[in-house]
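The residues making up each chain are set out below.
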Amino acid sequence: MKVAVYLLFLQSFFLLYYSASAFGSERYMLLIFGLLNFLLAWGVVRGERRAIKVTIAYKGVDFFFALLMLMGGAIFQSLNAAIDLAILHDLIGLFGKKEEPTEES
């Protein structure tokens, strides 16, 4: 779970950094998604299951669009797709873990 949190904060930082140099409505769009990443990372840190589920859905859609843009020739989206894939892999792994019964002696 730590990897997903760090990567969400990293993407949030990237989006907030790029929003500083953008103009018009693109600036506000990048700012909104940067804040969304930050809030989702905070929710994952606190261990809220709803935030984890929203993050999985959001990053799944983001990964899909990053792959489409990558197929369209935007090579810079490969970093975004790799980060999204790592976040998805880390968070989906949380749901695959089942609690093992502990034997008390």
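What comes next concerns the included structure. (Residues numbered from 1 in each chain as written. Predicted model: local features only at pLDDT ≥ 70, side-chain atom pairs only at ≥ 80, totals over all residues. Heavy atoms only, no water.)

1. Quick look at the packing of helix α1 (residues 2-21) against helix α2 (residues 25-46)
Phase 1: The geometry of α1 relative to α2 is characterised by a closest axis approach of 8 Å and an angle of 160 degrees between their N-to-C directions. Classed by the angle they form, the pair α1 and α2 counts as roughly antiparallel. When you trace α1 past α2, the crossing you get is left-handed. (Axes fitted to C-alpha atoms, helices over the stretch in contact; angles between N-to-C directions. Helix = DSSP H or I, 4+ residues; strand = E, 2+ residues; numbered from the N terminus. Parallel < 35°, antiparallel > 145°, perpendicular 65-115°, else oblique. Left-handed = near helix turned anticlockwise from the far one by under 90°.)

2. Observations regarding the layout of surface pockets
Phase 1: What the largest pocket holds in volume is close to 720 Å³.
Phase 2: Taken together, 21 residues form the lining of the largest pocket, with Leu 15, Leu 30, Asp 62, Gln 77 and Asn 80 sitting closest to its centre.
Phase 3: The greatest single-element share of the lining of the largest pocket, amounting to seven residues, is contributed by helix α3 (residues 49-71). (1 Å grid on protein atoms, 1.4 Å probe; cavity = no way out; pocket = protein on both sides within 12 Å on 5 of 7 lines; lining within 4 Å. Points joined across faces, edges and corners; volume = space filled by probe spheres on them.)

3. Some details on the packing of α2 against α3
Phase 1: α3 packs onto α2 with a crossing angle of 140 degrees between their chain directions and a minimal axis gap of 8 Å. Looking at the two axes, α2 sits oblique to α3. Every pair of crossing elements has a handedness; the one defined by α2 and α3 is left-handed. From α2, Phe 33, Leu 36, Asn 37, Leu 40, Gly 43 and Val 44 reach across to α3, where they touch Ala 51, Ile 52, Val 54, Thr 55, Tyr 58 and Lys 59.
Phase 2: Class assignment of the residues belonging to the contact of α2 with α3 gives a composition of eight nonpolar, three polar and one charged. (Contact = heavy atoms within 4.5 Å. Nonpolar A, V, L, I, M, F, W, Y, C, P; charged D, E, K, R; others polar.)

4. Describing α2
Phase 1: Spanning 22 residues, α2 covers 32 Å between terminal C-alpha atoms, matching the ideal 32 Å at 1.5 Å per step.
Phase 2: Buried residues of α2: Leu 30, Gly 34, Asn 37, Leu 40, Ala 41, Gly 43 and Val 44, and no others.
Phase 3: Downstream of α2 by one or two residues, Gly 47 has phi in the positive range, about 85 degrees. (Expected span 1.5 Å × (residues − 1). Buried < 20%, exposed > 50% of the residue type's maximum accessible area, 1.4 Å probe, protein only.)

5. Observations regarding α1
A turn of α-helix holds 3.6 residues, and therefore any two residues three or four places apart point the same way.
Phase 1: Helix length check: α1, at 20 residues, gives a terminal C-alpha distance of 30 Å against a target of 28 Å (1.5 Å per residue), a fit within 8%.
Phase 2: For α1, the full list of buried residues reads Ala 4, Val 5, Leu 7, Leu 8, Gln 11, Ser 12, Leu 15 and Ser 19. In an axial view of α1, the angular spread of the buried residues amounts to 170 degrees, which keeps them on one side of the axis. Exposed and oriented more than 90 degrees from the buried face of α1 are Lys 2, Tyr 6, Phe 13, Tyr 17 and Ala 20. (Arc of directions from axis to C-beta.)

6. A short note on the nonpolar core
Phase 1: Leu 8, Val 44, Ile 52, Ile 56, Ile 87 and Leu 91 are the most contacted members of the largest nonpolar core, which totals 15 residues.
Phase 2: Of all the elements in the fold, those that place two or more residues in this core are α1, α2, α3 and α4 (77-96).
Phase 3: The leading source of residues in this core is α4, at five residues.
Phase 4: Residues in contact with Leu 8, not counting those within four places in the same chain, are Asn 37, Leu 40, Ala 41, Val 44, Thr 55, Lys 59 and Ile 87. (Core = buried A, V, L, I, M, F, W, Y, C linked by side-chain atoms within 4.5 Å.)

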